[in-house]
Amino acid sequence: MKTCVIYYSRSGNTAMVARTLAEELNADLIEIRDLDDRKGFMSSFRSSIDALRESKTPIKPEKVDLSGYDLVYLGTPTWAGKPAPAIITLIDRVDFLGKDVILFTTMSRQGGEGAIERMAEKIGARGGRIINFFIQKTAGKELIQVREDTLRTINEKDLKIYEAR
C-alpha cells in the first residue's frame, strides 16, 4: 500500500508532525506552499479572513497527482478554526476518488475539530473516504516534544494497521 503525507509548510510544528509520520510509515512527503506572504499582524488577520471565506490562494505545487497512492495523510495548521487556505485550494484541485484519507491538524482541539470537519466534507465531495483523524496539540511545545507526541499518537491509534493491506 503506497502512502503519502501532504502538509502545509508554514508551520514548523505541522512540518514536524508530517515528517515524523512519513518516516515512521515509510511514506512520501508532499509539501504545499502558500505563495502569499503571511508574516506580521495584517497577514495573520488576512489569513483568518481567507480561511473563513475559503478564498483561493496561490500554491506550489498547483496540483498533486494521487494516482499512485492508496492512503493519504493530510495535515494543516488552522486559522480561525478553519484549515489553512492553501490546503483548501489543494483539496479543490485534487481527485481523491477511491483514496483512503487520514486527516490531522495542529493547534487547539476546538480549532482542529472545525478544520477536520471542513476538510472531511470537501474531501468526501472530491471522492475520498475519511478513515481516521487526529489532532496534535503543538502550541508552546519544543519540536522534540511534538515528535514524541506524534509517535505516541501513531501507536495509540494503531495507524500502522493500514500497512498490512
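Use the structure listed above.
What you see is a predicted model, and the numbers here were worked out from it, not measured in a lab.

**Student:** Explain unusual backbone geometry to me, please; I cannot follow it from the model alone.
**Tutor:** In most cases, non-glycine residues show a negative phi, while peptide bonds are predominantly trans. Going from Lys60 to Pro61, the amide bond is cis rather than trans, its omega being -10°. Take Pro61: it is sitting in the loop between β3 (59-60) and β4 (71-76). The residue Asn26 is not glycine, and still its phi comes out positive at about 55°. By the element assignment, Asn26 lies in the loop between α1 (12-25) and β2 (28-34). In this structure Asn26 comes out as exposed when scored by relative accessible area, which is 71%.

**Student:** Is there a simple way to think about the packing of aromatic side chains in this case?
**Tutor:** Aromatic ring pairs are reported here in terms of the distance separating the ring centres and the angle at which the planes meet. Tallied over the entire structure, the rule returns 1 aromatic pair. Ring geometry for Phe104 and Phe134: centres 5.4 Å apart, planes at 10°, overall stacked. Linking Phe104 in strand β7 (residues 100-106) with Phe134 in strand β8 (residues 129-136), this pair joins segments that are 30 residues apart in sequence. Judged by its relative accessible area of 0%, Phe104 is buried. A cation sits over an aromatic face here: Lys157 above Phe133, 5.8 Å from the ring centre.

**Student:** What's the story with the packing of α1 against helix α5 (residues 143-157) in this structure? I'm lost.
**Tutor:** How two helices pack is summed up by the angle between their axes together with the distance between the axes. Contact geometry of α1 with α5 gives a least axis separation of 9 Å together with a crossing angle of 45°. Judged on the interaxial angle alone, α5 and α1 are oblique. Two packed elements cross with a definite hand, and for α1 against α5 that hand is right-handed. Mapping the contact onto sequence places Gly12, Asn13, Met16, Val17, Thr20, Leu21, Glu23 and Glu24 in α1 and Leu143, Val146, Arg147, Thr150, Leu151 and Ile154 in α5. Classifying every residue of the contact of α1 with α5 gives 7 nonpolar, 4 polar and 3 charged.

**Student:** Please clarify how the packing of helix α3 (residues 85-93) against helix α4 (residues 109-125) should be interpreted in this entry.
**Tutor:** α4 packs onto α3 with a crossing angle of 15° between their chain directions and a minimal axis gap of 9 Å. Between α3 and α4, the angle falls in the class roughly parallel. Note on packing geometry: the crossing formed by α3 with α4 is right-handed. For the pair formed by α3 and α4, the contact residues are Ile87, Ile88, Ile91 and Asp92 on the first element and Arg118, Met119, Lys122 and Ile123 on the second. Of the residues belonging to the contact of α3 with α4, the class tally is 5 nonpolar, no polar and 3 charged.

**Student:** Is there a simple way to explain the pairing of β4 in this structure?
**Tutor:** With 6 of 6 residues buried, β4 is to be regarded as a mostly interior element. Side-chain alternation along β4 places Leu71, Tyr73 and Gly75 on one buried face and Val72, Leu74 and Thr76 on a second face that is also buried. When strand β1 (residues 3-8) meets β4, the two strands line up parallel, connected through 5 bridges. Counted as the bridge partner of Tyr7 is Gly75 from β4. Bridge analysis of β4 against β7 gives 6 bridges, and the strand direction is parallel.

**Student:** What exactly am I supposed to notice about the pattern of salt bridges here?
**Tutor:** A pair can form between side chains of opposite charge whenever their charged atoms are brought close. Under the definition given, this model contains 8 salt bridges. Connected through shared salt-bridge partners, Lys141, Asp149 and Arg152 make up one network.

Reading the values: rules and limits
Residues numbered from 1 in each chain as written. Predicted model: local features only at pLDDT ≥ 70, side-chain atom pairs only at ≥ 80, totals over all residues. Heavy atoms only, no water. Helix = DSSP H or I, 4+ residues; strand = E, 2+ residues; numbered from the N terminus. Buried < 20%, exposed > 50% of the residue type's maximum accessible area, 1.4 Å probe, protein only. Phe/Tyr/Trp six-rings, centres within 6.5 Å; stacked < 30°, edge-to-face > 60°. Lys NZ or Arg CZ within 6 Å of the ring centre and 35° of its normal. Axes fitted to C-alpha atoms, helices over the stretch in contact; angles between N-to-C directions. Parallel < 35°, antiparallel > 145°, perpendicular 65-115°, else oblique. Left-handed = near helix turned anticlockwise from the far one by under 90°. Contact = heavy atoms within 4.5 Å. Nonpolar A, V, L, I, M, F, W, Y, C, P; charged D, E, K, R; others polar. Pairing = 2+ DSSP bridges. Salt bridge = Lys/Arg side-chain N within 4 Å of Asp/Glu carboxyl O.

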